[in-house]
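Report on the structure
For reference, the chains in residue letters:
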Amino acid sequence: MIIGAGHAGLAMSRCLSDRGIDHVVLERGEIANSWRTERWDSLRLLTPNWQSRLPGTTYDGNDPDGFRTTPETIGFLERYARTIAAPVQTHTRVTSLCASDGGYLIRTSEGEWRCKTVVVASGACNVARAPALADAVPRSVRTLTPMEYRNPGQLEPGGVLVVGASATGTQLADEIHRSGRPVTLCVGEHVRAPRLYRGKDIQWWMDKSGVLDERYDHVDDIVRARRVPSFQLTGSPERRTLDLNALTAAGVKLVGSLATIRDGRALFSGALRNQCALSDLKLGRLLDTFDQWAKDNGIDNSVEPPHRLEPTRVDDSPAVSLDLTSGEIRTIVWATGFRPDYAWLDVPVFDRKGMIRHDGGVVSAPGMYLMGMPFLRRRKSGLIDGAGDDARELSAHLAGHLRAASRAVTNLTPN
Ligand SMILES: Cc1cc2nc3c(=O)[nH]c(=O)nc-3n(C[C@H](O)[C@H](O)[C@H](O)COP(=O)(O)OP(=O)(O)OC[C@H]3O[C@@H](n4cnc5c(N)ncnc54)[C@H](O)[C@@H]3O)c2cc1C
């Protein structure tokens, strides 16, 4: 049983079909439900079209370097599900899953199922995280998460504080600022990335140099690696870079990360300059990796010469507090990340943070697998492009589990 018909569940479905393993995909909404219901209107993939490879399919359109809109992404996943004849049962919400008779009992809005193995592909981003200090925001200020945000028209006129400067925060800060609402952006740890480097897309470099293929069991600190924020990237037809310099040039104000809210005042960390310097340093190291790879692989002369980006510009004394009761800020957007929702999972597989314990997607409960999580088996696991390799390897493990289980049953059968 596969739970979830996003790209991760569909990739696994294709791999199980290839192995002749009978399965069903249970989906609470429609195929690509997250893209239909949880994304803002203007969102485009930040990965180029060529980089949405799934098992049995590659991009064959005439715009490999373009970026799919949300409706195009939905269409792409629907076509994929049709092509692979994925056995998806839509509008079937899993309400509980527990161990039973050496397998699993799954209760859904449409009845019960029993299965020997289960693949949890229900998504890494089911719920938007808002910090605990959200409760201290004065009532006069509206707060919303990226899952509630659709477009700037939803917001009151007036200032907006966007908290979080990864892909979501920078994209929303940019769009809201362009709508004429002054934006202040709270910047903590972030990963700066140019859209193009030496004339090629940053994802081309990430892919070709092997950075995205780095394995979970080869990095020093996988816990930390799984928490690294997303690149500050946007997918726009003009392929523009959306780093902090681009935002400040447009008029967005930067402050440090939101430390607390006291008596209606937001207090910001004084570490903005350090955070930006650190991010610039890490970007420099990443570009060094690309340059070295280009040299080692003899393509140094077929791409533009190496160059470095101007350091991130930070005001001499950025604001360290803001009165949220003054009317200057009318809205706060919590672009502070997402988390999965496992309220339905009644199997003791969780760590202290409520995340599923797993070894590269092999969950501690026998016959249970996980898909679609950041750095599950490789750096690219959280991307559409990463699901194929993960599904191929995990479906092999799953097939082995089924073989072992059937041998165990055979051995137990009396003569
Ligand atoms: C804002 C945003 C932008 C992103 N942009 C990109 C990008 O540009 N490129 C890229 O490669 N990746 C991107 N990602 C990352 C990733 O590709 C998406 O999060 C993707 O949707 C994850 O796919 P998935 O199949 O793992 O999960 P999902 O697409 O979330 O699919 C999980 C499915 O499980 C279903 N489900 C959940 N709970 C239940 C239940 N109890 N019962 C039945 N069904 C259930 C859901 O309805 C959903 O359809 C982005 C993520 C976000 C949040």
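Owing to the predicted nature of the structure, the values given are computational and were not obtained by experimental measurement.

1. Some thoughts on the overall build of the protein chain
- Each helix and strand in the protein chain was counted, giving nine helices and 22 strands.
- Relative to its length of 415 residues, the protein chain is compact, with a C-alpha radius of gyration of 23 Å against a globular reference of 22 Å.
- With respect to the three principal axes, the spread of C-alpha positions in the protein chain is 85 × 60 × 40 Å.
- Out of the 415 residues belonging to the protein chain, those deemed buried represent 51%.
- Looking at the protein chain alone, contacts between residues at least 24 apart form 69% of all its contacts between residues at least 6 apart.
- Here the protein chain displays about 19,200 Å² of accessible surface, and carbon together with sulfur accounts for 49% of that area.
- Computed over 52 positive and 49 negative side-chain charges, the separation of the two mean positions in the protein chain equals 2 Å.

2. Quick look at helix α8 (residues 272–296)
- If you check α8, its first and last C-alpha atoms are 36 Å apart, about what 25 residues at 1.5 Å a residue would give, namely 36 Å.
- Of the positions making up α8, those classed as buried are L272, C276, S279, D280, L283, G284, L286, L287, F290, D291, W293 and A294.
- Check the buried side of α8 and you find it contacts β11 (183–187), β12 (196–197), α5 (202–208), α7 (244–250) and β14 (253–256).
- Two residues or fewer past α8, G298 is found with a positive phi of approximately 65°.

3. Looking at the side chain of S381
- Here S381 is to be found in the loop between β22 (368–370) and α9 (387–412).
- A polar contact is formed between the side chain of S381 and the side chain of D390, at a distance of 2.6 Å.
- Apart from residues lying up to four places away in sequence, S381 is in contact with G372, M373, F375, L376, G386 and D390.

4. Topic: the nonpolar core
- In terms of nonpolar packing, the biggest core is built from 80 residues, with L97, L185 and M368 touching the most fellow members.
- With six residues, helix α1 (residues 7–18) is the single largest residue contributor to this core.
- If we skip the residues at most four places from it in the chain, L185 touches V162, G164, A165, G169, T170, A173, L244, L247, V252, K253, L254 and V255.
- Y197, L286, I299 and V303 belong to the second largest nonpolar core, which has 20 residues in total.

5. Some words on the site of the ligand
- Taken together, 29 residues form the shell around the ligand, and within it E27, S34, L46, T47 and I384 come nearest.
- Between an oxygen atom of the ligand and a main-chain N or O atom of A8, the distance comes to 3.0 Å.
- For the ligand, whose accessible area on its own is 970 Å², the fraction buried by protein is 94%.
- Of all the secondary-structure elements, those providing two or more residues to the shell around the ligand are α1 and α2 (33–37).
- Here the element with the most residues in the shell around the ligand is α2; it accounts for three residues.
- Classifying every residue of the shell around the ligand by side-chain character gives 14 nonpolar, 11 polar and four charged.

6. Topic: the sheet that holds strand β6 (residues 111–115)
- Spatially, three strands are ordered β4-β5-β6 in an open sheet, and the strand pairing comes out antiparallel. Each edge of the open sheet is held by one strand with a lone partner, namely β4 (94–100) and β6. In this sheet, neighbouring strand axes are inclined to one another by 20° on average, regardless of whether the strands run parallel or antiparallel.

7. Let's talk about helix α4 (residues 167–178)
- The end-to-end C-alpha distance of α4, which contains 12 residues, comes to 17 Å, matching closely the 16 Å that a straight helix rising 1.5 Å per residue would cover.
- With 11 of its 12 residues buried, α4 lies for the most part within the structure.
- All of the buried residues in α4 are A167, T168, G169, T170, Q171, L172, A173, D174, E175, I176 and H177.
- Residues of α4 that are buried in the fold lie against β10 (159–163), β11, α7, β18 (329–334) and β19 (338–339).

8. Looking at the side chain of R377
- When you line up the elements, R377 lands in the loop between β22 and α9.
- Excluding anything up to four places from it in sequence, R377 contacts E214, R215, Y216, D359, G360, D390, E393 and L394.

9. Focus on unusual backbone geometry
- Residue D101 is not a glycine yet carries a positive backbone phi of 50°.
- Structurally, D101 is set in the loop between β4 and β5 (103–108).
- Residue class for D101 comes out exposed when judged on its relative accessible area of 76%.
- In this structure, F375 takes a positive phi of about 50° despite not being glycine.
- The residue F375 is located in the loop between β22 and α9 in this model.

10. Quick word on the pattern of salt bridges
- Counting across every chain of the model gives 32 salt bridges.
- Between R239 and D201 there is a salt bridge; the shortest N-O distance is 3.8 Å. Here R239 is found in the loop between α6 (222–225) and α7, whereas its partner D201 is found in strand β13 (residues 200–201), with 38 residues between them in sequence.
- One salt bridge connects D213 with K380, and the closest N-O pair in it is separated by 2.8 Å. In this pair, D213 is assigned in the loop between α5 and α6 and K380 in the loop between β22 and α9, connecting sequence segments 167 residues apart.
- Taken together, the salt bridges that share partners define one network made up of R215, D217, R377, R378, D390 and E393.

11. With respect to the sheet that holds β14
- In space, the five strands of this open sheet follow the order β9-β18-β10-β11-β14, with parallel pairing throughout. Either end of the sheet is taken by a strand with one partner, and the two such strands are β9 (142–144) and β14. Direction aside, neighbouring strands of the sheet carry axes that sit 20° apart on average.
- Each of β10, β11 and β18 touches α4; the most contacted strand, β11, lies at about 170° to it.

12. Details of the pairing of strand β15 (residues 258–262)
- As paired elements, β15 and strand β16 (residues 265–268) share four bridges and run antiparallel to each other. Residue pairing in the sheet places L258 in a bridge with F268 of β16.
- From the end of β15 to the start of β16, which pair antiparallel, there are two residues, and D263 there has a positive phi angle of about 50°.

The rules behind these values
Residues numbered from 1 in each chain as written. Predicted model: local features only at pLDDT ≥ 70, side-chain atom pairs only at ≥ 80, totals over all residues. Heavy atoms only, no water. Helix = DSSP H or I, 4+ residues; strand = E, 2+ residues; numbered from the N terminus. Rg over C-alpha atoms; globule rule 2.2 N^0.38 Å. Buried < 20%, exposed > 50% of the residue type's maximum accessible area, 1.4 Å probe, protein only. Contact = heavy atoms within 4.5 Å. Areas by Shrake-Rupley, 256 points an atom, 1.4 Å probe, with all protein chains shown as cover. Lys, Arg positive; Asp, Glu negative; His and termini not counted. Charge placed at Lys NZ, Arg CZ, Asp CG, Glu CD. Expected span 1.5 Å × (residues − 1). Polar contact = N/O pair within 3.5 Å; in protein donor to acceptor, adjacent residues only side chain to side chain. Core = buried A, V, L, I, M, F, W, Y, C linked by side-chain atoms within 4.5 Å. Near = heavy atom within 4 Å. Nonpolar A, V, L, I, M, F, W, Y, C, P; charged D, E, K, R; others polar. Pairing = 2+ DSSP bridges. Axes fitted to C-alpha atoms, helices over the stretch in contact; angles between N-to-C directions. Salt bridge = Lys/Arg side-chain N within 4 Å of Asp/Glu carboxyl O.

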